[in-house]
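Results of the structural survey
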Amino acid sequence: MRPAVNSRYESNIPGLFLIGDLAGGAVLKQAIQHGDSVARYIASLPDARSADPNVWDLIIAGSGAAGLNAAITAKKLGLRVMVLEKDKIANTIEDFPEGKWIYAEPAGLQVDGELWFQEATKEKLLSEWHRNVRENALDIRTGEEIETVRRKGNLLEVVTPKGRYAALRVVLATGLRGNPRRLNVPGEDRPEIHHRLYSPKAYKDKEILVVGGGNSAVEAALALSVENRVTLSYRGKEFSRLFAENRRKLNESENIRVL
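Scope of this entry: the structure provided in the associated data block.

Within the largest apolar cluster, 41 residues are counted, with the highest numbers of intra-cluster contacts made by I60, W129 and V171. Aside from chain neighbours lying at most four places away, what touches I60 is G67, A70, A71, V81, M82, V83, L84, V171 and A173. Ranked by size, the runner-up nonpolar core spans 16 residues in total, among them I208, V230, L232 and Y234.

Here it is as structure tokens:
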């Protein structure tokens, strides 16, 4: 179950906002839009800026699409912003398979903010995002996971293994994709079972079963089918969540057996 937020992405804890995958923005374009929207709203508040150098105007947890766009917009609007990232910048994108194509779906959704986003390979996207980080001189502290966020008076205290930080507002943009879904069935911890595909080129002339019916599963099956015999297993009656291009490629593929 996702946490409840209002129309401004604010949770039941005043000053604590949730965006991106946490707030239902599972598609990159939605996450990017969340980031710009929440930053503009926070910057518009009369008490958005602190006169105390020990208090951050905004702390953002997560440096994915939502977090980076929020940080860029907030900084350009004059907020003092810090981004805390438990792993590396854009970690979810980094973990995508080599050469994965990133689609600009849904087609009709507007994207605001200055984070670069076009249809491209994951490598191109990462290169542009790192350029955005450098050009905007974002204060991103990698390897620093948030342990606790709690309200202390009119401030929020953010606790990490490396320190404690005070902020007027906190945005959680950590996403949900960092933890692959598991089936919780016997045998799924065997060495030949993998919960994430990184390099399709590592497999050749294999019999491979891909389980799932979303875009990630179909894209994995398509990538693996180039040099392997692939079966795609999905419990649903139809693939109802696919991007249009993924659906077209799956329908045209002669190398994937669907169960």
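It is worth spelling out the sheet that holds strand β11 (residues 229-233) at this point. One open sheet holds the 3 strands; their spatial order is β10-β11-β12, and the pairing between them is parallel. Two strands lie at the open edges of the sheet, namely β10 (207-211) and β12 (256-258), each paired on one side alone. Here the average twist between neighbouring strands, direction ignored, is 25 degrees. Note that β11 and β12 share 3 bridges and pair parallel. By the bridge assignment for β12, T231 is matched with R257.

What follows covers unusual backbone geometry. Peptide bonds are, in most cases, trans, and in most cases residues other than glycine have a negative phi. In this model, E105 is joined to P106 through a cis peptide bond whose omega is -5 degrees. Mapped onto the elements of the fold, P106 is located in the loop between β4 (101-102) and β5 (120-121). Look at Y9: it is not a glycine, yet its phi comes out positive at around 70 degrees. Position of Y9 relative to the elements: it lies in the segment before β1 (16-18). Despite not being glycine, A90 shows a phi value in the positive range, around 55 degrees. Here A90 lies in the loop between β3 (81-85) and α3 (91-94).

Now for the environment of E219. Along the polypeptide, E219 turns up in helix α5 (residues 215-224). Relative accessible area serves as the criterion here: at 15%, E219 is assigned to the buried category. Discounting chain neighbours no more than four positions away, the residues touching E219 are K100, Y103 and N246.

The rules behind the values
- Residues numbered from 1 in each chain as written.
- Predicted model: local features only at pLDDT ≥ 70, side-chain atom pairs only at ≥ 80, totals over all residues.
- Heavy atoms only, no water.
- Core = buried A, V, L, I, M, F, W, Y, C linked by side-chain atoms within 4.5 Å.
- Buried < 20%, exposed > 50% of the residue type's maximum accessible area, 1.4 Å probe, protein only.
- Contact = heavy atoms within 4.5 Å.
- Pairing = 2+ DSSP bridges.
- Helix = DSSP H or I, 4+ residues; strand = E, 2+ residues; numbered from the N terminus.
- Axes fitted to C-alpha atoms, helices over the stretch in contact; angles between N-to-C directions.

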